[in-house]
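Given next are the chains, with one letter for each unit.
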Amino acid sequence: MDQKLYQAILDRKAIRQYQKTPITVEQFTAIQNLTKNIKPIDQKNKIEFKLMNSKDQEDIVSNMGGYGRILDAPHFAIPNITKSAKAIIELGFQTQQWVNLITKENINSCYIGAIHRGTESIHNKLEISDDKEIAVAVIFGNRKKIKQNEKDSPRKPLHQIFYQVDADSNNLEQDPNWQKILTAARRAPSAGNAQPWRMILLENELTIYADPQAYIPLLRNVGKSYALHDVGILMANIMQACHSLDMQATWEIFSTANEQSLSFGKWTPISKVKITT
């Protein structure tokens with residue numbers, strides 16, 4: 001059991017104030033190596049990470065924007081992937097794995113949404129080819145020590161996002177392993193803390209649904225894209241929680257996992273996972 005990884009999933013929060021001093025060369029190298037430990041849903045859809053230091057911070061923040069003010073961020077990562085039907089889900093799924101892994105190494109981070117920004121300048125500036133999809137930038141570094149701790153965004157209670165409709169199975173909320181998996185799922189971040197998901201257990205399979213309505217009014221025009229990306233983040237928390245418990249998570253992505261199938265005010269199935277020991 002990887003208790004340190006599981007604790008990182010629970011402890012990770014968005015940090016917006018950083019020390020000006022960059023992380024050490026050894027830490028930066030270790031973070032680069034962590035990108036090799038990322039598991040895609042589809043082996044053909046591995047993402048790449050463009051890692052940068054503080055000389056790029058002003059341009060990145062200006063071009064990509066973000067929720068709240070970012071102070072003295074020393075480093076950035078731009079996850080990118082070849083464009084495909086499931087690229088946006090893979091971006092969320094694989095990026096969150098990396099974010100949790102660097103949290104495990106005591107490196108702080110914050111997402112900056114890029115889906116609704118002008119990413120053309122980012123492609124050009126960082127020499128990322130046009131056939132690559134970009135969804136977020138990830139700021140990372142050592143948090144600034146302040147008198148008051150930064151408050152974490154509140155999460156919906158579990159009973160509002162998880163439903164068990166298989167009456168013949170045990171109450172999974174009382175099972176220790178499932179408690180840990182669902183708690184990790186509840187900790188998943190999302191744009192504007194929208195939490196656009198529902199998880200339903202039926203016949204020992206957990207199905208995840210999304211509704212872009214959760215992003216109104218903040219991100220209405222791009223709510224469908226963010227819903228897919230953020231469900232990918234949720235899936236990563238579930239997968240890594242399973243890994244930390246020495247359990248196996250096998251994913252299936254539905255054909256409805258696309259922007260054309262999503263509708264505002266309607267719960268659309270995105271993926272399902274079978275969890276085994």
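Our subject in this report is the structure included herewith. Along every chain, residues carry numbers that run from 1 in the direction the sequence is written. Thresholds applied to this predicted model are a pLDDT of at least 70 for local features of residues and 80 or more for the giving and counting of side-chain atom pairs; totals over whole chains, interfaces and linings are not thresholded and use all residues. The side-chain numbers reported here are obtained from all heavy atoms of the structure, hydrogens and water having been left aside.

### Quick look at the pattern of salt bridges
Applicable threshold: A carboxyl oxygen of Asp or Glu within 4 Å of a side-chain nitrogen of Lys or Arg is what we treat as a salt bridge. Secondary structure elements follow DSSP: runs of H or I no shorter than four residues count as helices, runs of E no shorter than two count as strands, and numbering proceeds from the N terminus. When a residue's accessible area, from a 1.4 Å probe over protein chains only, is under 20% of the maximum for its type it is buried; when over 50% it is exposed; and in between it is partly exposed.
This structure, assessed with the given rule, holds four salt bridges. Between Lys104 and Asp2 there is a salt bridge, with its nearest N and O atoms 2.8 Å apart. With a gap of 102 residues between them, Lys104 in helix H4 (residues 87-104) and Asp2 in the segment before helix H1 (3-11) connect regions that are remote in the sequence. A relative accessible area of 19% places Lys104 in the buried class.

### Brief notes about the nonpolar core
This is how it is decided: Nonpolar cores were defined as sets of buried Ala, Val, Leu, Ile, Met, Phe, Trp, Tyr and Cys residues, with membership established by side-chain atoms within 4.5 Å. Should any heavy atoms of two residues lie within 4.5 Å, those residues are considered in contact.
Ranked by internal contacts, the top residues of the largest apolar core, which has 66 residues, are Trp98, Phe140, Met199, Ile208, Ile238 and Trp251. By residue number, the principal contributor to this core is helix H7 (residues 223-244), which donates eleven residues. With near-sequence residues (within four places) excluded, Trp251 lies in contact with Ile41, Phe93, Ile208, Met235, Ile238, Met239, Ser271, Lys272 and Val273. Counting 16 residues, the second-largest nonpolar core is a separate cluster that includes Ile15, Ile112, Ile122 and Ile128.

### Re H7
Our working rule: What a helix is expected to span follows from its residue count: subtract one and scale by 1.5 Å.
Over its 22 residues, H7 extends 31 Å from the first C-alpha to the last, a length consistent with the 32 Å expected when each residue adds 1.5 Å. For H7, the buried fraction is high: 20 of the 22 residues fall into the buried class. Of the residues flanking the end of H7, it is Asp246, one or two places downstream, whose phi is positive at about 60°.

### Notes on the sheet that holds strand S6 (residues 162-164)
Hydrogen bonding along the main chain pairs the strands of a sheet, whether they run parallel or antiparallel. Heads up, the condition is: Two strands pair if DSSP finds at least two bridges between them. For every element, the axis is a line fit to its C-alpha atoms; helices are fit only across the contacting stretch, and the angle between N-to-C directions ranges from 0 to 180 degrees.
Sheet architecture is open: five strands sit in the order S6-S7-S8-S10-S9, paired in mixed fashion. Each end of this open sheet is capped by a strand with a single partner; those strands are S6 and strand S9 (248-253). Averaged over all neighbouring strand pairs, the angle between strand axes comes to 25°, with direction disregarded. Of the pairings in the sheet, the one linking S6 to strand S7 (residues 197-202) comprises three bridges and is parallel in character. Across the sheet, the residue bridging to Tyr163 is Ile200, located in S7. Each of S6, S7, strand S8 (205-210) and strand S10 (268-276) touches helix H6 (residues 176-186); the most contacted strand, S7, lies at about 160° to it. The strands that H7 touches are S7, S8, S9 and S10; relative to S8, the one it contacts most, it runs at about 155°.

### Regarding the packing of H1 against H7
Our working rule: Oblique is the label for any angle not covered by the other classes, which are roughly parallel (under 35 degrees), roughly antiparallel (over 145) and roughly perpendicular (65 to 115). Handedness of a crossing follows from how the near helix is turned relative to the far one, being left-handed for an anticlockwise turn of less than a right angle and right-handed for a clockwise one.
Look at H1 against H7: their axes get within 8 Å of each other, and the N-to-C directions meet at 150°. As the angle between them shows, H1 and H7 are arranged roughly antiparallel. Of the two possible hands of crossing, H1 and H7 adopt the one that is left-handed. On the side of H1, the interface is formed by Leu5, Tyr6 and Ile9, while H7 contributes Asn237, Gln240, Ala241, His243 and Ser244.

### Description of the environment of Phe49
Positionally, Phe49 belongs in strand S1 (residues 48-53). Note on Phe49: relative accessible area 15%, which makes it buried. Between the C-alpha atom of Phe49 and that of Gln32, which follows or precedes it by 17 residues, the distance is 8.3 Å. Ignoring anything within four residues of it in the chain, the contact list for Phe49 reads Thr35, Ile38, Ile78, Pro79, Gln94, Thr95 and Trp98.

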